[in-house]
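Coordinates in review
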Amino acid sequence: MNETLAIVIYVVIALAVVGSVAALLVRTRRTPKGMYPTTRDANDPVTGSGAHAAGTDVLDAPPAQTDVVVPDDLRDLDAAAAPAPEAPALETPDPVQGRLARLRARLAKSNNALGKALLALLASDKIDEDVWDEIEETLLLADLGTEPTMELVDALRERVKISGSRDPEEVHRMLREELIKLVDPTMDRSLATARHADKPAVVMVVGVNGVGKTTTVGKLARVLVAEDKDVLLGAADTFRAAAAEQLATWGQRVGVPTVKSDVDGADPASVAFEAVKAGIDGEVDVVLIDTAGRLQNKVGLMDELGKVKRVIEKQAEVDEVLLVLDATTGQNGLMQAKVFSEVVNITGIVLTKLDGTAKGGIVVAIQRTLGVPVKLIGLGEGADDLAPFEAEGFVDALLS
């Protein structure tokens, strides 16, 4: 009995040991290489055959290559996938001759009092000393200047005395002729923008902040583009916030490149130097340099402008130095003109805002003060509201 019990116990123990070993083997069996551990999903590729194709699948080979190439650096993936933005369409500047006619018409319609007041006074039934005093006062209020005023009054006195006429047409003719003499049509108002044999023409544009200097540079670029010239801009006004971006925007509208610094307050002379260098390398016709109108350091503005001009001249001659003046500032503009002319040898004047609020006599006063001509005028805010100045057209507009 005891022997039987012992045998049963041994059998039970043996079975328990065998069962434990079998369970351990089952748990540690690995899935054969190349087999899915579970039933294949509907979207899994079938690359095997036979029994594997029915339920599980053998991965006999790596997946086939596709046409999509994923770069190692995914940062530019969106940029690469997105279509390149279309370049904005370039604007076509108005022809210069069309501008002249439009500006003359606008000036004639403006509220200029000079010509109308003089015509009314000279056509009076009786021209006595009181009338001549009024004529003199009208001319002085128009910022004509003391010396030109005396010249015009004396000339008109003599002609009225000789002719004795009060006919409006005759008076108009006399006044027109004398005003044209004062504006002086003999002055050379052409812009020196013709390319040299191996270098571009260089034009510096100067003036204090607030007169529309950078805008004038942009508009002048349009004038030159309308004349089929290849232009490059230099943003040397590095002390005014966003001046470089403003100038670059003007250039982009007509396909003109701009050389500028990405650092606010950069050396203006350095930017001007690089712009002229780029113009020489690119074989452009004209390089326009926009200069600072105000500095934020201890260096004087005039000293800085002189430095810019000297640095430019290490590579190319400065053909034009245009001074931009706000025509509405009157005598203040004259003071600015004197200071600038002492430093950078002004060759021409650009008068902006020469509309109904301006005093037309400033044209004569500035030319007499500096001995240089008004070469360009602007009458509005439009992109093409800048045109060459014509003495006869200007006087005709005043007397219209």
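So, here is what we can say about the structure in this document. (Residues numbered from 1 in each chain as written. Predicted model: local features only at pLDDT ≥ 70, side-chain atom pairs only at ≥ 80, totals over all residues. Heavy atoms only, no water.)

Considering the sheet that holds strand 7 (residues 374-378)
Put simply, the rule is: Being paired, for any two strands, means DSSP has found at least two bridges between them. The secondary structure listing takes helices from DSSP runs of H or I that are at least 4 residues long and strands from runs of E that are at least 2 residues long, numbered from the N terminus. Throughout, a contact is declared for two residues whenever any of their heavy atoms are within 4.5 Å. For helices, the fitted axis covers only the stretch in contact; all axes are lines through C-alpha atoms, and the angles between them, taken along N-to-C directions, range from 0 to 180 degrees.
A sheet is described by the order of its strands in space; here eight strands give the open sequence 3-2-4-1-5-6-7-8, paired in mixed fashion. The open sheet has two edge strands, strand 3 (258-259) and strand 8 (386-388), and neither has a second partner. Bridge count for strand 2 (residues 231-235) against strand 3 is two bridges, and the pairing is parallel. Considered in strand 3, the bridge of glycine 234 is made with valine 259. The strands touched by helix 10 (residues 243-253) within the sheet are strand 2, strand 3 and strand 4 (286-290), with strand 2 carrying the most contacts at an inclination of about 170°. Contacts from helix 12 (residues 301-312) reach strand 1 (201-206), strand 4 and strand 5 (320-326), with the element oriented near 175° to strand 1.

A closer look at the nonpolar core
Keep this limit in mind: Nine residue types can take part in a nonpolar core, namely buried Ala, Val, Leu, Ile, Met, Phe, Trp, Tyr and Cys, and a core is a set of them joined through side-chain atoms within 4.5 Å. Partly exposed residues are those whose accessible area sits between 20% and 50% of the maximum for their type, while under 20% is buried and over 50% is exposed, using a 1.4 Å probe and protein chains only.
In terms of nonpolar packing, the biggest core is built from 72 residues, with Ile289, Ile349 and Leu351 touching the most fellow members. When residues of this core are assigned to their parent elements, the largest contribution, seven residues, is made by helix 8 (residues 168-183). In this view, isoleucine 349 contacts Leu323, Leu325, Ile366, Leu370, Val372, Pro373, Val374, Lys375 and Leu376; residues no more than four positions away in its chain are not counted. Counting 24 residues, the second-largest nonpolar core is a separate cluster that includes Val223, Val231, Ala235 and Ala244.

Thoughts on the packing of helix 9 (residues 213-226) against helix 10
What counts is decided by this rule: Roughly parallel means an angle under 35 degrees; roughly antiparallel means over 145; roughly perpendicular covers 65 to 115; every other angle is labelled oblique. A crossing counts as left-handed when the near helix is turned anticlockwise from the far one by less than a right angle, and as right-handed when that turn is clockwise.
Contact pair helix 9 / helix 10: the axes reach a minimum separation of 9 Å and the direction vectors enclose 15°. Considering their axes alone, helix 9 and helix 10 lie roughly parallel with respect to each other. Of the two possible hands of crossing, helix 9 and helix 10 adopt the one that is right-handed. The segment helix 9 lies against helix 10, with Thr214, Thr215, Val217, Gly218, Lys219 and Arg222 engaging Ala243, Gln246, Leu247, Trp250 and Arg253.

A short note on the environment of phenylalanine 239
Among the structural elements, phenylalanine 239 can be located in the loop between strand 2 and helix 10. For phenylalanine 239, a relative accessible area of 9% translates into the label buried. As a C-alpha pair, phenylalanine 239 and valine 263 span 24 residues in sequence and 9.8 Å in three-dimensional space.

Observations concerning unusual backbone geometry
Positive phi, close to 65°, is recorded for aspartate 184, a residue that is not glycine. Of note, aspartate 184 is situated in the loop between helix 8 and strand 1.

Considerations on a negative patch on the surface
Stated precisely, the cut-off is as follows: A residue counts toward a patch only above 30% relative accessible area and without a salt bridge, and it is joined to like-charged neighbours within 9 Å or, for Val, Leu, Ile, Met, Phe, Trp and Tyr, to nonpolar neighbours within 5 Å. To be clear on the numbers: accessible area is Shrake-Rupley with a 1.4 Å probe, and residue cover counts the displayed protein chains and nothing else. When a carboxyl oxygen of Asp or Glu lies within 4 Å of a side-chain nitrogen of Lys or Arg, that pair is called a salt bridge. Positive charges are assigned to Lys and Arg, negative charges to Asp and Glu, while His and the chain termini are left out of the count. By convention, the point assigned to a charge is CZ for Arg, NZ for Lys, CD for Glu and CG for Asp.
Among the surface-exposed residues, Asp130, Asp133, Glu134 and Glu137 lie close enough to one another that they form a single negatively charged patch. Its relative accessible area of 44% is what places aspartate 133 among the partly exposed residues.

Points about the packing of aromatic side chains
Given two aromatic rings, one states the distance between the centres and the angle between the planes to describe the pair. Stated formally: Within 6.5 Å between ring centres, the rings of Phe, Tyr and Trp (the latter by its six-membered ring) count as paired, and their orientation is classed by plane angle as stacked under 30 degrees, edge-to-face over 60, tilted in between. Two thresholds decide whether a charge sits over a ring: the Lys NZ or Arg CZ must be within 6 Å of the ring centre and within 35 degrees of the ring normal.
What the rule picks out here adds up to one aromatic pair. Here the aromatic rings of phenylalanine 389 and phenylalanine 394 are separated by 5.2 Å at their centres, their planes lie at 50°, and the arrangement is tilted. Here phenylalanine 389 matches phenylalanine 394 in class, with each residue buried. In this structure, arginine 253 is placed above the aromatic ring of tryptophan 250, and the distance from its NZ or CZ to the ring centre is 5.0 Å.

Some thoughts on helix 9
Cut-off, in case you're wondering: In this analysis, the expected span of each helix is defined as 1.5 Å times one less than the number of residues it contains.
Between the first and last C-alpha of helix 9 there are 20 Å, a value that for 14 residues agrees with the 20 Å anticipated at 1.5 Å per step. Taken across its 14 residues, helix 9 has 12 buried, putting it largely inside the fold. Among the residues of helix 9, those classed as buried are Lys213, Thr214, Thr216, Val217, Gly218, Lys219, Leu220, Ala221, Arg222, Val223, Leu224 and Val225. Of the residues trailing helix 9, aspartate 228 is marked for its positive phi of about 65°.

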